[in-house]
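Remarks on the overall topology
Here's the letter readout for the chains.
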Amino acid sequence: VRAGVTTATDLAATLGDDEVSTQLALTDEADYPVRLVPLLRLIGMKPADAVARAVALRERSSERLRLGRIKVVADGSIQGFSARLRWPGYHNGAPNGLWYTAPEAIRECYALALKAGVQVHTHTNGDEATALALDCMDLALREAPARDHRFTLQHVQLADAAQFRRMKALGLCANLFANHHFYWGDQHRAVTVGPERAARMNACATALREGVPLAIHSDAPITPLAPLFTAWCAVNRLTASGHVLGAHERIGVEQALQAITLGAAYTLHLDGEIGSIECGKRADFCVLDDDPTTVAPAALKDVPVWGTVQGGRVFAAA
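Rules used throughout
Residues numbered from 1 in each chain as written. Predicted model: local features only at pLDDT ≥ 70, side-chain atom pairs only at ≥ 80, totals over all residues. Heavy atoms only, no water. Buried < 20%, exposed > 50% of the residue type's maximum accessible area, 1.4 Å probe, protein only. Helix = DSSP H or I, 4+ residues; strand = E, 2+ residues; numbered from the N terminus. Right-handed = clockwise from strand over helix to strand, strands pointing away. Pairing = 2+ DSSP bridges. Axes fitted to C-alpha atoms, helices over the stretch in contact; angles between N-to-C directions. Parallel < 35°, antiparallel > 145°, perpendicular 65-115°, else oblique. Left-handed = near helix turned anticlockwise from the far one by under 90°. Contact = heavy atoms within 4.5 Å. Nonpolar A, V, L, I, M, F, W, Y, C, P; charged D, E, K, R; others polar. Salt bridge = Lys/Arg side-chain N within 4 Å of Asp/Glu carboxyl O. Phe/Tyr/Trp six-rings, centres within 6.5 Å; stacked < 30°, edge-to-face > 60°. Lys NZ or Arg CZ within 6 Å of the ring centre and 35° of its normal.

Some remarks on the pairing of strand β2 (residues 35–41)
Within β2, five of the seven residues are buried, which leaves it mostly tucked inside the rest of the structure. Following the chain from strand β1 (residues 7–13) across helix α1 (residues 17–27) to the adjacent parallel β2, one finds a crossover that is right-handed. Across two bridges, β2 lies against strand β3 (residues 70–73) in parallel orientation. For R41, the partnering residue across the bridge sits in β3 and is K71.

Quick look at the structure:
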């Protein structure tokens, strides 16, 4: 509530029966202020079992607990040197990262999920991992054509313009990790990928220019849950030292606000219910103490959150 959030995702959930029962009970409490969208992680499961589990979980969904989606983790993190990078690799000469899920399993998961109508979100940090996800999606769609699937690439930090064009052609969405500019931008310039690639990381402007549906995120608890701060990061692209990391990839305030609201809802197939204030949608919105479109872009992160309205219920921030 203090962050202004009315719907949140958990993109690394195990979703055992006891866990789901607990989540259903807690989210059903009258004063529980948020809608949860946990995704079943593929790690440790066969693709066929994960898809079957997601289909079964979908039937247990409630208004404030939305089940039935899968999370695939293709590689690791750039700052941890476990992401998969294309040539020239890591700037400091570290060896390439890891495949957290076998490429064959990703291809199988995509095809089975498309046939079952199950949405998949995929963690790809490095551009080699993004290339793999795009190739797997291309093959899966040939085997199981599907319209409006909205499979989403999460983080997808080093994608270049050509990869965003492929995302658009394949019907994929992108959820970019804008907070990285501030928290690791200086390290990315100096150590992990070097100044040129660091300047095009989390390329929000390119994604929008190429027509890719866009969301931005904090990956909490990797960085703090604070959507207005995430929007500020995409608008200003400042590192902790104050360096502007790729001014050409900055986006406008209204574009950033769309990315944290309707853009995020679109990636979850929930844009018909939430993400904007419209007749017929659920009464979910954040209440601010100032107008984020009139303050200076540099002050966007400092706009106070009065509270939220979730499902018509009013929650004042502590």
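Concerning the packing of helix α3 (residues 103–116) against helix α4 (residues 127–143)
Between α3 and α4, whose axes approach to 9 Å, the crossing angle comes to 40°. Compared by their axis directions, α3 and α4 come out oblique. Both α3 and α4 take part in a crossing whose hand is right-handed. Residue-level inspection shows P103, I106, R107, Y110, A111, L114 and K115 of α3 in contact with α4, the latter providing L132, A133, C136, M137, L139, A140, L141 and E143. Looking at the contact of α3 with α4 residue by residue, the classes come out as 12 nonpolar, no polar and three charged.

Here we look at the pattern of salt bridges
In this structure the tally under the stated criterion is 22 salt bridges. Among the salt bridges present, the one from E210 reaches R209, with a minimum N-O distance of 3.8 Å. The class of E210 is buried, set by a relative accessible area of 19%. Between D302 and K301 there is a salt bridge, with its nearest N and O atoms 3.3 Å apart. Residues participating in the shared-partner salt-bridge network are R35, E63, R66, E273, R282 and D284.

With respect to the sheet that holds strand β9 (residues 305–310)
Taking strand neighbours across the sheet as the criterion, the three strands line up as β8-β9-β10 in an open arrangement whose pairing is antiparallel. Two strands close off the open sheet at either side, each with one partner strand: β8 (285–288) and β10 (313–316). Taken over all neighbouring pairs, the strand axes of this sheet differ in orientation by 20° on average, direction set aside.

A word on the environment of L40
Looking at the secondary structure, you find L40 in strand β2. Overall, L40 belongs to the buried group, its relative accessible area being 1%. C-alpha separation for the pair L40 and T267, spaced 227 residues apart in sequence, amounts to 16 Å. Those residues within four positions of L40 in sequence are excluded, and the remaining contacts are A13, T14, L15, M45, A50, R53, A54, R69, I70 and K71.

Focus: the packing of aromatic side chains
Under the criterion given, the structure shown has eight aromatic pairs. Taking 6.4 Å as the distance between ring centres and 55° as the angle between the ring planes, the aromatic pair formed by Y183 and W184 counts as tilted. Judged by relative accessible area, which is 31%, Y183 ranks as partly exposed. Through successive ring pairs, a cluster of aromatic residues spans F182, Y183, W184, F229 and W232. Just above the ring of Y266 sits the side chain of R150; from NZ or CZ to the centre is 3.8 Å. When the ring centre of W232 is taken as origin, the NZ or CZ atom of K301, which lies over that ring, is 5.4 Å away.

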